[in-house]
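Here are the chains, one letter per residue:
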Amino acid sequence: MPALDLANLLFSNLLQESPGESNQPGIFFPPQFFEDGIPYMNEVQEKILSQHLLAGSLKVSSALDRDVLKKAIDEVTCWIVAAEEEETMILQDLNGYQIFDVQLVLRKALQNVWTQPLGDKKVMVRKVSPQHRQLLENSPYDYCREELILLSARGFTNLFQTLVKAKKPLVGHNMLMDLMHLHDKFYKPLPESYEEFKRNIHNLFPVLIDTKTVTKSIWKKCPLPRVLNLLEVYEVLCRNLNPKDSTCPVIALASDCSRYAEKKSPHEAGYDAFLCGSVLLKSAHLLLCRSTDDAVEADPSFSQYLTVLAEYLNKVNFIRGGVSSINFSGKDAPCEHPPALVVHVRGWPELNERKIYEEFKPLCLFDVRQLSKNQFIMLSNKFKHVRLVLRDYRHHPHLRVSVYRHWRHSPGVSCLLQVSGIVALWSLLAFVLGGAPCCSL
């Protein structure tokens, strides 16, 4: 068959197996495997991919991918007609999953070729005899074996699974959203049940340490400056722990991370991990020092630190909730919500949520939402902040703060009551003015 006809036949078969054009199963890589960067998948996605690999057909995800595959098919079919056995050619500029895609398409279509990835976005194509091809398939030289494709497609999930198998303490700061992300992206889609989510996380990571929970407790016990983020927590602990104390933990930075000692890089993954680990060790050391009247022995062990951290294990901070933390290894504490506050504005035009937030920020932090034109609702997770605002704003000339009552302050309820009042008034007038006339004998 001429090279051009062979290429057209292969590509037309490929298009027939594209999404939306065939009911046949195909090799489907999750969206995150299409993009540049580190791939990942959860167990459900891995199962789907494994099933498609076993089915052995292909789904092409986009016009760009079809163009890449068509170019590769054209090059190979033109070359293979005149090529001798054991001759090779190189396909270039293949990204991510395309390296696997091209090999699987060519191997399925041509029984006399063998493929091998070379790295640097290249794939080598070798012309072989059908007998030699059978010997190579599923051998150690087969780089398209199902387990190797799955290993590459899992990407970062491999590290997640290593952490799960290690069963080591998992440390984070304000880590509830991180745990939800880990569950959804690398384990299974988030369940509908809250209790099931807690069980799953506890089975994956039996020991959780949230430095937010730890430091909140320390700040209640010690007269330390107010802090708003992890970096400020780290800086306060560094200032308040004696660096000359021989028992104080020393944190040595790896050579690749030495810049963190001189330059702040908040929200960079490596730097945040450094801050979180440092805060954990410094907090544990502070708690250890406070737990004994005797001098702390030099170079305390991590097991000693875990002992003083015991009351905080598996308790993950919960923002703006009825409980201060979620207990992943048992029952949560009884739920208690501070009451919401409503702010009535008088004689202060053009006031918005940002200005209300800035007004109360020096005193304490609230979530603010506009309720109506001159009313704002404020939420806090601390009873003392609610009491403080009610006390300090009792006689404010423009802002009247009170506890939110649904039947009194809800715009929907107010509207309903107004409509009901109007209907009742009209009914009363109709009754009075349209009463039955007196009957005479």
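Data block above holds the structure.
As a starting point, this report considers the structure included with it. (Residues numbered from 1 in each chain as written. Predicted model: local features only at pLDDT ≥ 70, side-chain atom pairs only at ≥ 80, totals over all residues. Heavy atoms only, no water.)

1. Section: the packing of aromatic side chains
Now for step 1: Following the criterion strictly, the structure yields 11 aromatic pairs and no others.
Now for step 2: With 5.6 Å between their ring centres and 35 degrees between their planes, F160 and F186 make a pair best called tilted. Within this pair, whereas F160 is found in helix α8 (residues 156-166), its partner F186 is found in helix α9 (residues 176-187), the two being separated by 26 residues in sequence. For the pair formed by F160 and F186, the shared burial category is buried.
Now for step 3: Judged by centre distance (5.9 Å) and plane angle (45 degrees), the ring pair of Y271 and F274 falls under tilted. Residue Y271 and its partner F274 are both found in helix α13 (residues 269-290); the two are separated by three residues, about one turn of the helix. Per residue, the accessibility class of Y271 equals that of F274, and both read buried.
Now for step 4: Over the ring of W114 we find R107; its NZ or CZ atom is 3.8 Å from the centre of that ring. (Phe/Tyr/Trp six-rings, centres within 6.5 Å; stacked < 30°, edge-to-face > 60°. Helix = DSSP H or I, 4+ residues; strand = E, 2+ residues; numbered from the N terminus. Buried < 20%, exposed > 50% of the residue type's maximum accessible area, 1.4 Å probe, protein only. Lys NZ or Arg CZ within 6 Å of the ring centre and 35° of its normal.)

2. Structural notes on the side chain of T77
Now for step 1: With respect to the secondary-structure elements, T77 resides in helix α4 (residues 63-80).
Now for step 2: Side-chain polar atoms of T77 contact the backbone oxygen of I73, separated by 2.7 Å.
Now for step 3: A polar contact is formed between the side chain of T77 and the backbone oxygen of D74, at a distance of 3.2 Å. (Polar contact = N/O pair within 3.5 Å; in protein donor to acceptor, adjacent residues only side chain to side chain.)

3. Examining the nonpolar core
Now for step 1: By size, the foremost hydrophobic cluster in this structure holds 29 residues, and its most contacted members are V214, I218, W219, L275, L287 and L309.
Now for step 2: The contact partners of L309, leaving out residues within four places of it in the chain, are I209, V214, L280, A284 and L287.
Now for step 3: Of all hydrophobic cores here, the second largest spans 19 residues; its members include L69, A72, V113 and V125. (Core = buried A, V, L, I, M, F, W, Y, C linked by side-chain atoms within 4.5 Å. Contact = heavy atoms within 4.5 Å.)

4. Concerning helix α16 (residues 383-392)
Now for step 1: Along α16, the positions that sit buried rather than exposed are H385, V386 and V389. What you see down the axis of α16 is that its buried residues fit within an arc of 100 degrees, all on one side. In α16, the exposed residues that point more than 90 degrees away from the buried face are K384, R387 and R391.
Now for step 2: Among the structural elements, β8 (341-345), α15 (353-360), β10 (375-379) and β11 (399-403) are those in contact with the buried residues of α16. (Arc of directions from axis to C-beta.)

5. Examining a positive patch on the surface
Now for step 1: On the surface, a cluster of positive charge is contributed by K220, R226, K361, K382 and K384.
Now for step 2: Positionally, K220 belongs in helix α11 (residues 211-221).
Now for step 3: On the basis of relative accessible area, K220 is assigned to the exposed category, the value being 72%. (Patch = residues over 30% accessible without salt bridge, like charges linked within 9 Å, V, L, I, M, F, W, Y side chains within 5 Å. Areas by Shrake-Rupley, 256 points an atom, 1.4 Å probe, with all protein chains shown as cover. Salt bridge = Lys/Arg side-chain N within 4 Å of Asp/Glu carboxyl O. Lys, Arg positive; Asp, Glu negative; His and termini not counted. Charge placed at Lys NZ, Arg CZ, Asp CG, Glu CD.)

6. Side note on the sheet that holds β11
Now for step 1: The strand order across the open sheet built from four strands is β9-β10-β8-β11, with neighbouring strands paired in antiparallel fashion. Only two strands of the sheet have a single neighbouring strand rather than two, namely β9 (367-372) and β11. Direction aside, neighbouring strands of the sheet carry axes that sit 25 degrees apart on average.
Now for step 2: Examined bridge by bridge, β8 and β11 share five bridges and lie antiparallel to one another. (Pairing = 2+ DSSP bridges. Axes fitted to C-alpha atoms, helices over the stretch in contact; angles between N-to-C directions.)

Purely geometric numbers; function is a separate question.
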